[in-house]
Amino acid sequence: MNESEIVSRVKKAAGFVLKIDPEQISDDANFVFDLGADSKQSVQLVGALEEEFGVSLDEDKALAVQDIDSCVKFVAQYL
Amino acid sequence: MPPSHIKTREQLDPIFNPTSVAVVGATSTAGTVPYDIFANLMRDKFQGMIFPVSPGNRSIDGVKTYKYVKDIEDPVDLAILVFPNTVCSRALEQCGQKGIKGAIVISAGFKETGPEGIEREKQLKAIADQYGISFIGPNCLGVINTDPSVRLDASFARAMPDEGPIGFLSQSGALCTAVLDYARSKHIGFSKFVSFGNKADISEIDLLYYLKDDPKTQVILIYLEEISDGKALMQAARDIISETGKPILALKSGRTSQGAAAAASHTGSLAGSDNVCDAALKQAGIIRCKTIDEMFHIAMAMAYQPLPRGNRVAIVTNAGGPGVLTTDAAIEEGLELANFSEETTEKFKRALPKTANIHNPVDVIGDARADRYNAAVTAVLADDNVDGALVILTPQSMTDIEQIADEISALGHQSDKPVYASFMGEADVASGIDILLRRHIPHYTVPEAMCRSFARALKFRQECESPATPAAPYTDFSHAKAQAALGQASGDGRNLLRPEEISAVLTAYGLPLVRDRVAASADEAAKWASELGFPVVMKVMSDQITHKVDVGGVVLNIESAGEARSAYDRIMANAAKNCPNATVRGVLVQRMMKGGEEVILGIKRDPSFGAVVMFGLGGTFVEIFKDVSFRVAPIDPAEVHKMIRQIRAYPILNGARGRVCRDLAAVEDCIQRLTCLALDCPEIKELDLNPLFVFEEGKGCYVGDARIMI
């Protein structure tokens, strides 16, 4: 899977959980500051990413990820 | 004038009196801090504009939201940051770009959590400084201003308190919610209510100065866990009390003896951080309370009733036993039962039944109703011999509790003398208590608390009215000589001064020393002893031996040359046996002072308050009796006078049971000189003058032994 596909699928998962059009999400968007994720949504996002990519993520490390860019790099480690 | 680094009113007004507020990081999820802060502002009818900043919501409770604070078109005075800690810096930066000058950072996860949090907090402070933002927090409950023209509830407390004259500052957010709940049940109102959290920018000192000039605040309460700048706190308290007469009540937690454990001198050991804190708060005029109950007991008295002019109280009761209990409590607190005038006694005779006790405590008898209470309380308040009324009630079958509460409340507000009440009981008297509290008559479940509050309010007034005493002028010091001796020790890498260096330092500051010489042999000891005059005392001299008595290094009452020789040999033998590794430089032969009372004077450095001076009953048992008093330097001469009279053993020094009165003026002079030494020579970490022999009046005092650590 190439990086642009990961970016696209991370945005899709984030858009689904945060109810935002993935097209409106920038690559450097911060989940909390720019996209308004609260703590419950952050946990939901981890689940959505696991489902999207078919992997099992380290939840503590996943919750420490702040933005789309970092999230793409983080997910890539599991692929 | 407050010190120049203190935040100005203009800097803090955007936080307390904003006309527009942005809740940065608001959410729509009820029961969360970001939502509840927004909801409280709405519910409590904030009188300005509210802008929720919430990138995940288009609106919250029907109010339009903004993705970023910079998107708000209108000017914003105050930003309340409720974002997770990881993005608070970004949010504060945008606030700065928007021109916002006041912020409250509610979010936790900063200094209190460790190194990462410390870095985050530093970052916040740097951004605030860059943009000229003043902020409260982080890690706090928030801020409340009950002023009807503002009605700012920028907190996640459950309810906004009533408006009132009390300003409350707290380092603990959780305590704030407990206090709010407690106060609500007692109808106690607040002017400003501030949880200041980690005080990364705005400190308790800034807030104290703000409340000093706040016309809505008449009494200041503060809860502290640590005092980072004790000297500034003392100065702020002095400024507030002297300029405005507003009392300050403090609840200080964290009583610890860790500092004492590491101390090397008697003063160091006795001057534990809490002892020093206690003394410093008192010295600054702050009323220290041990419990929340006590704090509000005294606050109610001071906020809602006039301060007593004197200690003569009238007790009015419908029950003999509680009257006696109140009498006992009053006397124990230093109050007196007023002697009623003849006119008052006549009024009692006319209004009360023959069985009533018309002397103090006035017993209006168990079947008394409101008319009898009214007559008795009215009469005592009109009596020039009475400084305040303490009203006791126990519920009998015919007692019209609510009516009596009504009458007392009315009388309490008509008089310029304080009226406090104690309706004793629980269920039956509850409705009466509620009336009293609603109408701001201080109520106490037990008379002891009532009398204590009266006494504390009176003491505050007396302290406010006592004139300041000018510092004694001292010009006979030789700072250079003291510095030379201190420099000698530090140059040698020693932290303990030798006897000859101690003599030089103390002499340079005019402290009276007992004559002494150093002997290097038994024969020399005999020679010096004969020259100084018997009796003499001999002491081992070694840099390694701190407590000489403990190792057999001191011999007292030496009456002849022969005894001096054998004492020398004994001291050297004891030192060799008990401290084999110590280098003994000789034996000090000193004229032994007889007939003097032994006291101790000392200096210690406190990390928060600076130089602290101790006075107490001295000798070898000083750490057992712990009968000592402390003051923070510089010390007002009136405080020097008080610190001597504060110890339990003071009567021993003042001629108790046929003893001679000691020369306390000479001791006061020594304390003043020692204070100057402490202030002039900050390299002195600890100092003991123990014993200081105090002779009868006019005959002075002399330093028997001293220890100085640098």
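Just so it is clear, the model here is predicted, and its values are computed rather than measured.

Rules used throughout
Per chain, the residues get numbers from 1 upward, laid out in the order the sequence is written. Lettering of chains starts at A and numbering of ligands starts at 1, both following the order in which they are written. Per-residue local features of the predicted model are confined to residues with pLDDT of at least 70, and side-chain atom pairs are confined, for both listing and counting, to 80 or more; whole-chain, interface and lining totals are unaffected and use all residues. Heavy atoms from the whole structure form the basis of all side-chain values; hydrogens and water molecules are not counted. Only protein atoms enter the 1 Å grid used here. Points where a 1.4 Å probe fits but cannot escape make up a cavity, open sets with protein on both sides within 12 Å along at least five of seven lines make up a pocket, and a residue lines them when an atom lies within 4 Å of a point. Grid points are joined across faces, edges and corners, and a volume is the space filled by probe spheres set on the points. Comment: elements are numbered from the N terminus, with helices defined as DSSP H or I runs of at least four residues and strands as E runs of at least two. In this classification, the charged set is Asp, Glu, Lys and Arg, the nonpolar set is Ala, Val, Leu, Ile, Met, Phe, Trp, Tyr, Cys and Pro, and all remaining amino acids, among them Gly, are polar. Residue ranges labeled as domains rest on an automatic or database domain assignment. Each axis is a line fitted through C-alpha atoms, and for a helix only the stretch in contact is used; angles between axes span 0 to 180 degrees, taken between their N-to-C directions. Working definition: roughly parallel below 35 degrees, roughly antiparallel above 145 degrees, roughly perpendicular at 65 to 115 degrees, and oblique for all remaining angles. Throughout, a contact is declared for two residues whenever any of their heavy atoms are within 4.5 Å. Any residue under 20% of the maximum accessible area for its type is buried, any over 50% is exposed, and the rest in between are partly exposed; the area is computed with a 1.4 Å probe on protein chains only. Paired strands are those between which DSSP finds at least two bridges. With its strands directed away from the observer, a crossover is right-handed exactly when the path from the first strand over the helix to the second travels clockwise. A quick way to say it: buried area is the sum, across both parts, of accessible area lost when two parts are put together, with a 1.4 Å probe. The salt bridge criterion pairs a side-chain nitrogen of Lys or Arg with a carboxyl oxygen of Asp or Glu, the two atoms within 4 Å. Distance and chemistry together define a polar contact, namely a pair of N or O atoms within 3.5 Å, with one atom able to donate a hydrogen and the other to accept it when in protein, and with adjacent residues in sequence counting only for side-chain atoms on both sides.

Just to check I follow, could you spell out empty space enclosed by the protein for this structure?
The rolling of a water-molecule-sized probe over the atoms marks out the regions of remaining empty space. Residues and elements named next belong to chain B. Overall, the coordinates contain 3 cavities of 30 Å³ or more when judged by the stated rule. Reported here for the largest cavity is a volume of approximately 350 Å³. Taken together, 26 residues form the lining of the largest cavity, with Pro-499, Ile-502, Lys-548, Asp-705 and Ala-706 sitting closest to its centre. Every element with two or more residues in the lining of the largest cavity is listed here: helix H19 (499-508), strand E21 (536-542), strand E23 (584-591) and strand E29 (706-709). Classifying every residue of the lining of the largest cavity by side-chain character gives 13 nonpolar, 5 polar and 8 charged. Looking at which domains feed residues into the lining of the largest cavity, each of domain 3 (515-592) and domain 4 (597-709) gives three or more.

How should I be thinking about the packing of helix H13 (residues 342-351) of chain B against helix H14 (residues 370-382) of chain B in this particular structure?
All names here are of chain B. Running from N to C, H13 and H14 point in directions that differ by 175°, and their axes come no closer than 9 Å. Judged on the interaxial angle alone, H14 and H13 are roughly antiparallel. Across the interface between the two elements, Thr-344, Lys-347, Phe-348 and Ala-351 from H13 touch Arg-372, Ala-375, Ala-376, Ala-379, Val-380 and Ala-382 from H14. When grouped by side-chain class, the residues that make up the contact of H13 with H14 number 7 nonpolar, 1 polar and 2 charged.

Can you help me understand the pairing of strand E12 (residues 219-224) of chain B in this one?
Sheet faces and side chains relate simply in a regular strand, where the side chains alternate between the two faces. Residues and elements named next belong to chain B. Along E12, 6 of the 6 residues are buried, which leaves the element largely enclosed by surrounding structure. What you see with E12 is no split at all: Val-219, Leu-221 and Tyr-223 on one side and Ile-220, Ile-222 and Leu-224 on the other are buried throughout. Pairing of E12 with strand E13 (residues 248-252), which is carried by 5 bridges, proceeds in the parallel orientation. Residue pairing in the sheet places Ile-222 in a bridge with Ala-250 of E13. In this region the chain leaves E12, passes through helix H7 (residues 230-244) and returns to the parallel neighbour E13; the handedness of that crossover is right-handed.

Any chance you could explain the sheet that holds E21(B) here in plain terms?
Within a sheet, adjacent strands bond to each other through the backbone by hydrogen bonds, running parallel or antiparallel. Residue and element names in this part refer to chain B. Strand order in the open sheet formed by 4 strands is E20-E23-E21-E22, with antiparallel pairing between adjacent strands. Two strands bound the open sheet, and with one partner strand each, they are strand E20 (516-519) and strand E22 (554-558). Adjacent strand axes in the sheet meet at a mean angle of 25° when their direction is disregarded. The pairing of E21 with E23 spans 7 bridges and is antiparallel.

Would you mind going over the pairing of strand E1 (residues 20-24) of chain B with me for this structure?
Residue and element names in this part refer to chain B. Most of E1 is tucked away, with 5 of its 5 residues classed as buried. What you see with E1 is no split at all: Ser-20, Ala-22 and Val-24 on one side and Val-21 and Val-23 on the other are buried throughout. Sheet analysis places E1 next to strand E2 (residues 49-53), joined by 5 bridges and oriented parallel. Along E2, the bridge assignment pairs Val-21 with Ile-50. For the handedness criterion, the β-α-β arrangement of E1, helix H2 (residues 33-43) and E2 is classed as right-handed.

What am I meant to see in the domain arrangement of chain B here?
All names here are of chain B. Domain boundaries assigned for chain B yield domain 1 (9-300), domain 2 (307-465), domain 3 (515-592) and domain 4 (597-709). For domain 1 and domain 4, the distance between their C-alpha centroids amounts to 40 Å. Residue-level contacts link 22 residues of domain 1 with 28 residues of domain 4. Interface area for domain 1 against domain 4, summed over the two sides, is near 2000 Å², with a carbon-plus-sulfur share of 61%. The tally of links between domain 1 and domain 4 comes to 0 salt bridges. Joining domain 1 to domain 4, the criterion identifies 5 residue pairs in polar contact (both at pLDDT 80 or more). Mapped onto the side of domain 1 that touches domain 4, the elements with two or more residues apiece are H7, helix H9 (266-270) and helix H10 (273-283). Here the side of domain 1 that touches domain 4 is composed, by residue class, of 10 nonpolar, 10 polar and 2 charged.

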